Amino acid sequence: MKNKSLVSINDFTREEHIRILELAGIFEKHPKQRILADYVVATLFFEPSTRTRLSFESAATRLGAQVIGFTDAASSSVQKGESLRDTILTVSNYCDLIVIRHPKEGSARFASEVAKVPVINAGDGANQHPTQTLLDLYSIRKTQGTLDNLQIAFVGDLKYGRTVHSLVMALCNYNTTFHLVSPLELKLPSAVKIHIKEKNLTYHQYTDLSEIIQKADILYMTRIQKERFSDPLDYEKVKSAYVLKNSMLDGAKPNLRVLHPLPRVNEITTDVDDNPKAYYFTQALNGVFVRQALLAAILGVVD
Amino acid sequence: MEKEELRKELKVSAIENGTVIDHIPSQNVFQVIKILNLSEYQNQLLIGTNLDSTKMGKKGIIKVSNKFFRSDEINKIALVAPSATLIVIKNFKVTEKNKVEIPDYVEKIVKCFNPNCITNNEEIPTKFTVIDKNELKLRCHYCEKITAGGNITFK
(Lines give C-alpha, C1' and ligand atoms only; values in the text may rest on other atoms or scores of the structure.)
Protein backbone atom coordinates (compact mmCIF):
# COMPACT_ATOMS: atom_id res chain seq x y z
CA MET A 1 0.00 0.00 0.00
CA LYS A 2 3.09 2.21 0.13
CA ASN A 3 2.46 5.51 -1.69
CA LYS A 4 -1.00 4.38 -2.76
CA SER A 5 -3.74 7.00 -2.56
CA LEU A 6 -7.10 6.10 -0.99
CA VAL A 7 -9.84 8.05 -2.73
CA SER A 8 -12.61 5.51 -3.17
CA ILE A 9 -13.22 2.42 -1.04
CA ASN A 10 -12.68 0.23 -4.11
CA ASP A 11 -9.17 1.63 -4.67
CA PHE A 12 -8.03 -0.94 -2.12
CA THR A 13 -8.62 -4.66 -2.56
CA ARG A 14 -10.39 -6.87 -0.04
CA GLU A 15 -6.95 -8.11 1.12
CA GLU A 16 -5.75 -4.54 1.62
CA HIS A 17 -8.90 -3.69 3.60
CA ILE A 18 -8.26 -6.68 5.86
CA ARG A 19 -4.61 -5.72 6.32
CA ILE A 20 -5.65 -2.20 7.40
CA LEU A 21 -8.10 -3.68 9.90
CA GLU A 22 -5.38 -5.96 11.31
CA LEU A 23 -2.98 -3.04 11.64
CA ALA A 24 -5.71 -0.99 13.30
CA GLY A 25 -6.06 -3.78 15.86
CA ILE A 26 -2.34 -3.44 16.66
CA PHE A 27 -2.64 0.33 17.03
CA GLU A 28 -5.61 -0.13 19.31
CA LYS A 29 -3.36 -2.11 21.67
CA HIS A 30 -0.38 0.24 21.26
CA PRO A 31 -1.73 3.61 20.13
CA LYS A 32 1.35 5.66 21.00
CA GLN A 33 4.30 4.78 18.79
CA ARG A 34 6.53 7.47 17.30
CA ILE A 35 6.99 5.63 14.02
CA LEU A 36 6.11 8.70 11.93
CA ALA A 37 8.45 11.10 13.73
CA ASP A 38 10.21 11.99 10.47
CA TYR A 39 7.02 12.69 8.54
CA VAL A 40 4.79 15.67 7.84
CA VAL A 41 1.07 15.11 7.20
CA ALA A 42 -1.02 17.90 5.67
CA THR A 43 -4.72 18.08 6.51
CA LEU A 44 -6.43 20.28 3.94
CA PHE A 45 -10.00 20.91 4.99
CA PHE A 46 -11.72 22.99 2.34
CA GLU A 47 -14.88 22.67 4.40
CA PRO A 48 -15.04 22.28 8.14
CA SER A 49 -15.44 18.79 9.60
CA THR A 50 -14.23 18.89 13.15
CA ARG A 51 -14.74 15.22 13.96
CA THR A 52 -12.92 13.83 10.92
CA ARG A 53 -10.09 16.37 11.10
CA LEU A 54 -9.43 15.80 14.80
CA SER A 55 -9.50 12.06 14.29
CA PHE A 56 -6.85 12.29 11.52
CA GLU A 57 -4.75 14.77 13.47
CA SER A 58 -4.94 12.66 16.59
CA ALA A 59 -3.89 9.59 14.59
CA ALA A 60 -0.94 11.41 13.02
CA THR A 61 0.17 13.07 16.26
CA ARG A 62 0.03 9.83 18.27
CA LEU A 63 2.42 8.34 15.72
CA GLY A 64 4.77 11.29 16.15
CA ALA A 65 4.10 13.00 12.79
CA GLN A 66 3.97 16.76 12.40
CA VAL A 67 0.63 18.06 11.15
CA ILE A 68 0.23 21.14 8.95
CA GLY A 69 -2.85 22.40 7.14
CA PHE A 70 -5.98 24.50 7.35
CA THR A 71 -9.41 23.95 8.82
CA ASP A 72 -11.63 25.66 6.28
CA ALA A 73 -11.32 27.31 2.88
CA ALA A 74 -11.75 30.80 4.34
CA SER A 75 -8.37 30.60 6.05
CA SER A 76 -6.52 29.32 2.97
CA SER A 77 -5.36 30.70 -0.34
CA VAL A 78 -8.59 29.41 -1.90
CA GLN A 79 -10.05 32.65 -0.67
CA LYS A 80 -7.67 34.52 -2.92
CA GLY A 81 -8.97 32.49 -5.85
CA GLU A 82 -6.26 29.85 -6.08
CA SER A 83 -7.27 26.72 -7.97
CA LEU A 84 -7.34 23.32 -6.28
CA ARG A 85 -4.61 22.18 -8.65
CA ASP A 86 -2.25 24.96 -7.57
CA THR A 87 -2.98 24.46 -3.87
CA ILE A 88 -2.27 20.73 -4.11
CA LEU A 89 0.89 21.18 -6.19
CA THR A 90 2.23 23.67 -3.68
CA VAL A 91 1.30 21.78 -0.54
CA SER A 92 2.72 18.51 -1.84
CA ASN A 93 6.14 20.20 -1.67
CA TYR A 94 5.73 20.61 2.07
CA CYS A 95 4.52 17.21 3.22
CA ASP A 96 4.71 13.44 2.82
CA LEU A 97 0.98 12.78 2.65
CA ILE A 98 -2.15 14.85 2.08
CA VAL A 99 -5.50 14.34 3.77
CA ILE A 100 -8.16 16.26 1.87
CA ARG A 101 -11.75 17.16 2.65
CA HIS A 102 -13.52 19.15 -0.08
CA PRO A 103 -17.15 20.02 -0.82
CA LYS A 104 -16.93 19.11 -4.53
CA GLU A 105 -17.32 15.51 -5.68
CA GLY A 106 -14.26 14.16 -7.47
CA SER A 107 -11.92 16.72 -5.87
CA ALA A 108 -9.95 14.05 -4.01
CA ARG A 109 -9.45 11.96 -7.18
CA PHE A 110 -8.21 15.05 -8.97
CA ALA A 111 -5.91 15.93 -6.05
CA SER A 112 -4.44 12.42 -6.13
CA GLU A 113 -3.61 12.87 -9.82
CA VAL A 114 -1.93 16.23 -9.27
CA ALA A 115 -0.10 15.59 -5.99
CA LYS A 116 3.44 14.26 -5.82
CA VAL A 117 2.59 12.54 -2.53
CA PRO A 118 -0.20 10.05 -1.68
CA VAL A 119 -3.65 11.43 -0.90
CA ILE A 120 -6.29 10.19 1.53
CA ASN A 121 -9.85 11.28 0.86
CA ALA A 122 -11.54 12.53 4.03
CA GLY A 123 -14.81 13.18 2.20
CA ASP A 124 -15.50 14.70 -1.24
CA GLY A 125 -19.00 16.15 -1.26
CA ALA A 126 -21.65 13.44 -1.44
CA ASN A 127 -19.28 11.00 -3.13
CA GLN A 128 -16.84 9.00 -0.97
CA HIS A 129 -15.56 8.87 2.58
CA PRO A 130 -13.48 5.68 2.58
CA THR A 131 -11.92 6.05 6.03
CA GLN A 132 -15.43 6.10 7.53
CA THR A 133 -16.12 2.86 5.67
CA LEU A 134 -12.95 1.26 6.99
CA LEU A 135 -13.75 2.22 10.57
CA ASP A 136 -17.25 0.82 10.07
CA LEU A 137 -15.73 -2.45 8.81
CA TYR A 138 -13.35 -2.45 11.76
CA SER A 139 -16.24 -1.96 14.19
CA ILE A 140 -18.28 -4.73 12.59
CA ARG A 141 -15.36 -7.16 12.56
CA LYS A 142 -14.41 -6.36 16.13
CA THR A 143 -17.90 -6.80 17.53
CA GLN A 144 -18.84 -9.86 15.46
CA GLY A 145 -15.45 -11.56 15.22
CA THR A 146 -15.82 -11.76 11.44
CA LEU A 147 -17.02 -9.84 8.42
CA ASP A 148 -18.39 -12.91 6.65
CA ASN A 149 -22.02 -14.06 6.34
CA LEU A 150 -23.56 -11.33 8.53
CA GLN A 151 -27.13 -10.00 8.58
CA ILE A 152 -26.68 -6.25 8.32
CA ALA A 153 -29.55 -3.79 8.56
CA PHE A 154 -29.27 -0.23 7.29
CA VAL A 155 -31.90 2.16 8.62
CA GLY A 156 -33.00 5.67 7.66
CA ASP A 157 -31.76 7.71 4.72
CA LEU A 158 -30.35 5.12 2.35
CA LYS A 159 -30.70 7.34 -0.69
CA TYR A 160 -28.36 10.22 0.11
CA GLY A 161 -26.12 8.74 2.82
CA ARG A 162 -22.68 8.27 1.29
CA THR A 163 -21.51 6.26 4.31
CA VAL A 164 -24.25 3.74 3.57
CA HIS A 165 -23.36 3.52 -0.13
CA SER A 166 -19.65 2.91 0.48
CA LEU A 167 -20.25 0.45 3.30
CA VAL A 168 -22.74 -1.55 1.23
CA MET A 169 -20.20 -1.69 -1.61
CA ALA A 170 -17.43 -2.83 0.72
CA LEU A 171 -19.64 -5.45 2.42
CA CYS A 172 -20.46 -6.99 -0.96
CA ASN A 173 -17.06 -8.75 -0.60
CA TYR A 174 -18.18 -10.66 2.50
CA ASN A 175 -21.34 -12.56 1.60
CA THR A 176 -23.52 -10.15 3.56
CA THR A 177 -27.32 -10.35 3.64
CA PHE A 178 -28.61 -6.79 3.46
CA HIS A 179 -31.76 -5.55 5.20
CA LEU A 180 -32.67 -2.10 3.95
CA VAL A 181 -35.12 -0.15 6.09
CA SER A 182 -36.18 3.26 4.82
CA PRO A 183 -39.14 5.39 3.83
CA LEU A 184 -40.10 4.85 0.18
CA GLU A 185 -38.66 8.28 -0.71
CA LEU A 186 -35.23 7.36 0.63
CA LYS A 187 -34.60 3.85 -0.70
CA LEU A 188 -31.11 2.69 -1.64
CA PRO A 189 -30.36 3.89 -5.21
CA SER A 190 -30.30 1.26 -7.93
CA ALA A 191 -26.70 2.25 -8.81
CA VAL A 192 -25.71 0.80 -5.40
CA LYS A 193 -28.06 -2.21 -5.58
CA ILE A 194 -26.29 -3.18 -8.82
CA HIS A 195 -23.20 -4.03 -6.73
CA ILE A 196 -25.26 -6.34 -4.50
CA LYS A 197 -26.78 -8.07 -7.53
CA GLU A 198 -23.40 -8.44 -9.26
CA LYS A 199 -22.19 -10.55 -6.33
CA ASN A 200 -25.45 -12.56 -6.27
CA LEU A 201 -26.14 -11.45 -2.71
CA THR A 202 -29.56 -11.00 -1.15
CA TYR A 203 -31.23 -7.82 -0.01
CA HIS A 204 -34.61 -7.26 1.57
CA GLN A 205 -36.39 -3.91 1.71
CA TYR A 206 -38.65 -2.79 4.54
CA THR A 207 -40.46 0.33 5.58
CA ASP A 208 -40.98 -0.83 9.17
CA LEU A 209 -37.99 -0.87 11.51
CA SER A 210 -39.45 -3.30 14.07
CA GLU A 211 -39.57 -6.11 11.49
CA ILE A 212 -35.82 -6.49 11.31
CA ILE A 213 -34.39 -5.94 14.79
CA GLN A 214 -34.58 -9.61 15.86
CA LYS A 215 -32.80 -10.88 12.74
CA ALA A 216 -29.92 -8.44 12.57
CA ASP A 217 -26.29 -8.77 13.67
CA ILE A 218 -25.65 -5.08 12.98
CA LEU A 219 -28.14 -2.23 13.02
CA TYR A 220 -26.59 0.68 11.12
CA MET A 221 -28.67 3.74 11.92
CA THR A 222 -28.56 7.00 9.92
CA ARG A 223 -30.06 10.43 10.26
CA ILE A 224 -33.02 11.45 8.10
CA GLN A 225 -32.56 15.06 7.10
CA LYS A 226 -35.54 17.35 6.74
CA GLU A 227 -34.12 19.05 3.64
CA ARG A 228 -34.33 15.76 1.69
CA PHE A 229 -38.11 16.10 1.48
CA SER A 230 -39.80 18.46 -0.94
CA ASP A 231 -42.97 18.34 1.16
CA PRO A 232 -42.39 19.03 4.89
CA LEU A 233 -45.48 16.95 5.65
CA ASP A 234 -43.78 13.85 4.24
CA TYR A 235 -40.88 14.44 6.61
CA GLU A 236 -43.21 14.81 9.58
CA LYS A 237 -44.80 11.50 8.64
CA VAL A 238 -41.57 9.49 8.55
CA LYS A 239 -39.35 11.17 11.14
CA SER A 240 -40.68 9.25 14.13
CA ALA A 241 -40.95 5.94 12.26
CA TYR A 242 -37.18 5.40 12.14
CA VAL A 243 -36.28 6.15 15.74
CA LEU A 244 -34.63 3.40 17.77
CA LYS A 245 -35.74 3.21 21.40
CA ASN A 246 -34.19 0.99 24.07
CA SER A 247 -37.33 -1.09 24.53
CA MET A 248 -37.21 -2.08 20.86
CA LEU A 249 -33.95 -3.98 21.48
CA ASP A 250 -35.67 -6.54 23.73
CA GLY A 251 -35.50 -9.87 21.95
CA ALA A 252 -32.61 -8.86 19.69
CA LYS A 253 -29.74 -11.30 19.17
CA PRO A 254 -27.10 -11.10 21.96
CA ASN A 255 -24.41 -10.20 19.42
CA LEU A 256 -26.40 -7.33 17.89
CA ARG A 257 -24.59 -3.99 17.92
CA VAL A 258 -25.99 -0.59 16.99
CA LEU A 259 -23.76 1.57 14.79
CA HIS A 260 -24.21 5.16 13.66
CA PRO A 261 -21.77 7.38 11.71
CA LEU A 262 -22.67 10.35 13.98
CA PRO A 263 -23.72 13.07 14.54
CA ARG A 264 -26.94 11.69 15.93
CA VAL A 265 -29.98 13.92 16.29
CA ASN A 266 -33.01 12.02 17.52
CA GLU A 267 -32.93 8.75 15.58
CA ILE A 268 -31.52 6.86 18.58
CA THR A 269 -33.04 7.87 21.89
CA THR A 270 -30.51 8.53 24.67
CA ASP A 271 -31.81 5.61 26.74
CA VAL A 272 -30.11 3.30 24.20
CA ASP A 273 -26.68 4.77 25.08
CA ASP A 274 -26.34 2.68 28.25
CA ASN A 275 -27.39 -0.54 26.55
CA PRO A 276 -24.33 -2.77 25.94
CA LYS A 277 -25.57 -3.12 22.35
CA ALA A 278 -24.91 0.57 21.70
CA TYR A 279 -21.57 0.83 19.93
CA TYR A 280 -21.61 4.20 18.16
CA PHE A 281 -19.26 6.08 20.47
CA THR A 282 -16.67 3.29 20.45
CA GLN A 283 -17.12 3.22 16.66
CA ALA A 284 -15.92 6.85 16.53
CA LEU A 285 -12.89 5.99 18.69
CA ASN A 286 -12.02 3.15 16.29
CA GLY A 287 -11.62 5.81 13.59
CA VAL A 288 -8.35 6.91 15.16
CA PHE A 289 -6.84 3.40 15.02
CA VAL A 290 -7.96 2.86 11.44
CA ARG A 291 -6.46 6.20 10.39
CA GLN A 292 -3.21 5.35 12.21
CA ALA A 293 -3.11 2.11 10.23
CA LEU A 294 -3.69 3.94 6.94
CA LEU A 295 -1.06 6.61 7.57
CA ALA A 296 1.52 4.01 8.60
CA ALA A 297 0.78 1.67 5.68
CA ILE A 298 0.65 4.38 3.01
CA LEU A 299 3.82 6.04 4.28
CA GLY A 300 5.44 2.62 4.13
CA VAL A 301 6.63 2.35 7.75
CA VAL A 302 4.68 -0.90 8.16
CA ASP A 303 3.96 -3.54 5.54
CA MET B 1 -35.03 5.10 -54.07
CA GLU B 2 -31.28 4.67 -53.66
CA LYS B 3 -30.74 6.47 -56.89
CA GLU B 4 -32.84 9.33 -55.60
CA GLU B 5 -30.75 9.57 -52.48
CA LEU B 6 -27.54 9.41 -54.47
CA ARG B 7 -28.71 12.23 -56.71
CA LYS B 8 -29.50 14.35 -53.68
CA GLU B 9 -26.17 13.57 -52.07
CA LEU B 10 -24.41 14.77 -55.14
CA LYS B 11 -25.73 18.24 -54.47
CA VAL B 12 -22.68 18.31 -52.27
CA SER B 13 -19.88 17.60 -54.68
CA ALA B 14 -17.82 14.44 -54.61
CA ILE B 15 -14.30 14.29 -53.21
CA GLU B 16 -11.29 12.61 -54.74
CA ASN B 17 -9.65 11.28 -51.60
CA GLY B 18 -10.79 11.45 -48.02
CA THR B 19 -13.60 10.47 -45.70
CA VAL B 20 -17.34 10.96 -46.00
CA ILE B 21 -19.23 10.92 -42.72
CA ASP B 22 -22.81 10.17 -43.66
CA HIS B 23 -26.09 9.74 -41.78
CA ILE B 24 -25.30 12.27 -39.08
CA PRO B 25 -28.45 13.49 -37.28
CA SER B 26 -28.98 16.99 -38.74
CA GLN B 27 -29.10 18.70 -35.38
CA ASN B 28 -25.66 17.31 -34.46
CA VAL B 29 -23.64 18.15 -37.56
CA PHE B 30 -21.96 21.11 -35.91
CA GLN B 31 -21.26 19.06 -32.82
CA VAL B 32 -19.42 16.53 -35.00
CA ILE B 33 -17.40 19.36 -36.54
CA LYS B 34 -16.49 20.52 -33.07
CA ILE B 35 -15.57 17.08 -31.75
CA LEU B 36 -13.34 16.38 -34.76
CA ASN B 37 -11.93 19.88 -34.57
CA LEU B 38 -12.76 20.45 -38.25
CA SER B 39 -13.23 24.19 -37.92
CA GLU B 40 -9.42 24.36 -37.94
CA TYR B 41 -9.13 22.07 -40.97
CA GLN B 42 -7.08 23.49 -43.84
CA ASN B 43 -8.17 21.22 -46.71
CA GLN B 44 -11.43 21.10 -48.63
CA LEU B 45 -14.39 20.46 -46.36
CA LEU B 46 -17.97 20.03 -47.56
CA ILE B 47 -20.79 20.20 -45.09
CA GLY B 48 -24.43 19.46 -45.77
CA THR B 49 -27.28 19.39 -43.32
CA ASN B 50 -31.07 19.00 -43.39
CA LEU B 51 -30.70 16.83 -46.49
CA ASP B 52 -33.53 14.41 -47.26
CA SER B 53 -32.83 10.85 -46.23
CA THR B 54 -34.95 7.76 -46.74
CA LYS B 55 -33.48 6.21 -43.59
CA MET B 56 -33.54 9.19 -41.27
CA GLY B 57 -35.94 11.78 -42.69
CA LYS B 58 -33.33 14.50 -42.46
CA LYS B 59 -29.62 13.94 -42.21
CA GLY B 60 -26.29 15.66 -42.27
CA ILE B 61 -23.15 14.77 -44.18
CA ILE B 62 -19.56 15.93 -43.93
CA LYS B 63 -16.93 15.29 -46.58
CA VAL B 64 -13.35 15.74 -45.49
CA SER B 65 -10.76 15.79 -48.26
CA ASN B 66 -7.38 14.17 -47.74
CA LYS B 67 -8.19 12.95 -44.28
CA PHE B 68 -8.41 9.36 -43.03
CA PHE B 69 -9.44 9.05 -39.40
CA ARG B 70 -8.07 6.62 -36.86
CA SER B 71 -10.87 4.63 -35.25
CA ASP B 72 -10.26 6.07 -31.77
CA GLU B 73 -10.46 9.52 -33.32
CA ILE B 74 -13.67 8.96 -35.23
CA ASN B 75 -15.44 6.91 -32.54
CA LYS B 76 -15.67 10.02 -30.40
CA ILE B 77 -18.56 11.14 -32.62
CA ALA B 78 -20.53 7.99 -31.84
CA LEU B 79 -22.06 9.76 -28.85
CA VAL B 80 -23.69 12.42 -31.04
CA ALA B 81 -24.04 10.41 -34.24
CA PRO B 82 -24.46 6.73 -33.35
CA SER B 83 -26.00 6.08 -36.79
CA ALA B 84 -23.10 7.60 -38.73
CA THR B 85 -21.53 5.74 -41.64
CA LEU B 86 -17.90 6.31 -42.53
CA ILE B 87 -17.02 6.04 -46.16
CA VAL B 88 -13.39 6.04 -47.19
CA ILE B 89 -12.88 7.46 -50.67
CA LYS B 90 -9.79 6.87 -52.75
CA ASN B 91 -9.58 8.18 -56.28
CA PHE B 92 -13.36 8.99 -56.24
CA LYS B 93 -14.14 5.37 -55.35
CA VAL B 94 -15.60 3.96 -52.16
CA THR B 95 -12.94 1.66 -50.72
CA GLU B 96 -14.32 1.10 -47.23
CA LYS B 97 -17.60 1.56 -45.37
CA ASN B 98 -17.85 1.36 -41.61
CA LYS B 99 -20.19 2.19 -38.77
CA VAL B 100 -18.97 4.19 -35.82
CA GLU B 101 -18.63 2.38 -32.51
CA ILE B 102 -19.28 3.69 -29.01
CA PRO B 103 -15.86 3.83 -27.34
CA ASP B 104 -15.01 2.37 -23.89
CA TYR B 105 -13.72 5.69 -22.59
CA VAL B 106 -14.80 9.23 -23.38
CA GLU B 107 -12.44 12.10 -22.67
CA LYS B 108 -12.86 15.86 -22.77
CA ILE B 109 -15.96 16.18 -24.96
CA VAL B 110 -18.78 15.36 -22.54
CA LYS B 111 -19.80 17.51 -19.59
CA CYS B 112 -20.54 15.77 -16.28
CA PHE B 113 -24.21 16.34 -15.44
CA ASN B 114 -23.45 16.67 -11.72
CA PRO B 115 -23.18 20.41 -10.97
CA ASN B 116 -21.19 19.61 -7.82
CA CYS B 117 -18.55 17.63 -9.74
CA ILE B 118 -15.06 19.13 -9.55
CA THR B 119 -14.87 19.14 -13.37
CA ASN B 120 -17.69 21.70 -13.42
CA ASN B 121 -15.88 23.88 -10.92
CA GLU B 122 -12.26 23.87 -12.07
CA GLU B 123 -10.50 23.69 -15.43
CA ILE B 124 -10.25 19.91 -15.59
CA PRO B 125 -10.73 17.77 -18.72
CA THR B 126 -13.54 15.29 -18.10
CA LYS B 127 -13.05 11.51 -18.26
CA PHE B 128 -15.78 8.89 -18.38
CA THR B 129 -15.98 5.12 -18.53
CA VAL B 130 -18.81 3.90 -20.76
CA ILE B 131 -20.61 1.40 -18.53
CA ASP B 132 -23.57 0.74 -20.84
CA LYS B 133 -23.24 1.12 -24.60
CA ASN B 134 -26.87 0.41 -25.44
CA GLU B 135 -28.47 2.84 -23.06
CA LEU B 136 -25.38 5.05 -23.13
CA LYS B 137 -24.39 5.44 -19.50
CA LEU B 138 -21.13 7.16 -18.66
CA ARG B 139 -19.50 7.01 -15.22
CA CYS B 140 -17.49 10.09 -14.30
CA HIS B 141 -13.89 9.25 -13.40
CA TYR B 142 -13.95 12.02 -10.78
CA CYS B 143 -17.32 12.21 -9.02
CA GLU B 144 -18.33 8.62 -9.95
CA LYS B 145 -21.87 9.75 -10.85
CA ILE B 146 -23.54 8.39 -13.96
CA THR B 147 -24.35 10.74 -16.83
CA ALA B 148 -26.84 9.03 -19.13
CA GLY B 149 -29.21 9.51 -22.05
CA GLY B 150 -30.81 12.96 -22.07
CA ASN B 151 -28.34 14.25 -19.49
CA ILE B 152 -25.44 13.96 -21.92
CA THR B 153 -24.30 17.40 -23.06
CA PHE B 154 -21.12 18.44 -24.75
CA LYS B 155 -18.46 20.88 -23.66
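What counts, and at which threshold
- Residues numbered from 1 in each chain as written.
- Chains lettered and ligands numbered in written order.
- Predicted model: local features only at pLDDT ≥ 70, side-chain atom pairs only at ≥ 80, totals over all residues.
- Helix = DSSP H or I, 4+ residues; strand = E, 2+ residues; numbered from the N terminus.
- Buried ≥ 20, exposed ≤ 12 C-beta atoms within 10 Å, placed from the backbone.
- Domains from an automatic or database assignment.
- Contact = placed C-beta atoms within 7 Å.
- Nonpolar A, V, L, I, M, F, W, Y, C, P; charged D, E, K, R; others polar.
- Pairing = 2+ DSSP bridges.
- Axes fitted to C-alpha atoms, helices over the stretch in contact; angles between N-to-C directions.
- Core = buried A, V, L, I, M, F, W, Y, C linked by C-beta atoms within 7 Å.
- Right-handed = clockwise from strand over helix to strand, strands pointing away.
- pLDDT = per-residue confidence, 0-100.

Time to look at the overall build of chain B. Each helix and strand in chain B was counted, giving three helices and 11 strands. When its helices and strands are written in sequence order, chain B yields α-β-α-β-β-α-β-β-β-β-β-β-β-β. C-alpha atoms of chain B, sized along the principal axes, occupy 50 × 30 × 20 Å. Looking at chain B residue by residue over its 155 residues, the buried ones come to 32%.

All names here are of chain A. When its domains are assigned, chain A resolves into domain 1 (9-128 + 287-298) and domain 2 (131-284). Domain 1 and domain 2 are separated by 26 Å when their C-alpha centres are compared. Taken together, the 17 residues of domain 1 in the interface contact 15 residues of domain 2. Listing elements by their share of the side of domain 1 that touches domain 2, those giving two or more residues are α1 (14-29), β4 (119-124) and α9 (280-298). Ranked by the residues each element gives to the side of domain 1 that touches domain 2, the list is headed by α1, at five residues. Partitioning the side of domain 1 that touches domain 2 into residue classes produces nine nonpolar, five polar and three charged.

On to the sheet that holds β4(A), then. All names here are of chain A. Across the sheet, four strands lie side by side as β2-β1-β3-β4; this open sheet has parallel pairing. On the outer flanks of this sheet lie β2 (66-70) and β4, each paired with one strand and no other. Across this sheet, the average inter-strand angle for adjacent strands is 15°, counted without regard to direction. Across four bridges, the pairing between strand β3 (residues 97-102) and β4 is parallel. Counterpart to V99 in the pairing with β4 is I120.

Another point: the nonpolar core. In this structure, A:I98, A:L219, A:A293, A:L295, B:V32 and B:I77 are the most contacted members of the largest nonpolar core, which totals 122 residues. Here this core takes nine residues from α9(A), the largest share from any one element. In this structure A:I98 touches A:A42, A:L44, A:I88, A:V91, A:S92, A:A111, A:A115, A:V117 and A:V119, once residues within four positions along its chain are discounted.

For β4(A), the buried fraction is high: six of the six residues fall into the buried class. As for the winding sense of the linkage, the β-α-β connection from β3(A) through helix α4 (residues 107-114) of chain A to β4(A) is right-handed.

Every contact between the two is made by 13 residues of chain A and, on the other side, 15 residues of chain B. Listing elements by their share of the side of chain A that touches chain B, those giving two or more residues are α3 (84-91) and α4 of chain A. The residue inventory of the side of chain A that touches chain B, partitioned by class, reads three nonpolar, six polar and four charged.

Residues and elements named next belong to chain B. In this model, chain B carries an average pLDDT of 89, and 92% of its residues clear a pLDDT of 70 or more. Ranking the helices and strands of chain B by mean pLDDT puts strand β1 (residues 18-24) first, with 95, and helix α1 (residues 2-9) last, with 52. The complex prediction reports pTM at 0.87, with the ipTM value standing at 0.87.

The omega torsion of the bond from A:L262 to A:P263 falls at 5°, within 30 degrees of zero and hence cis. Here A:P263 shows up in the loop between β9 (257-259) and α9.

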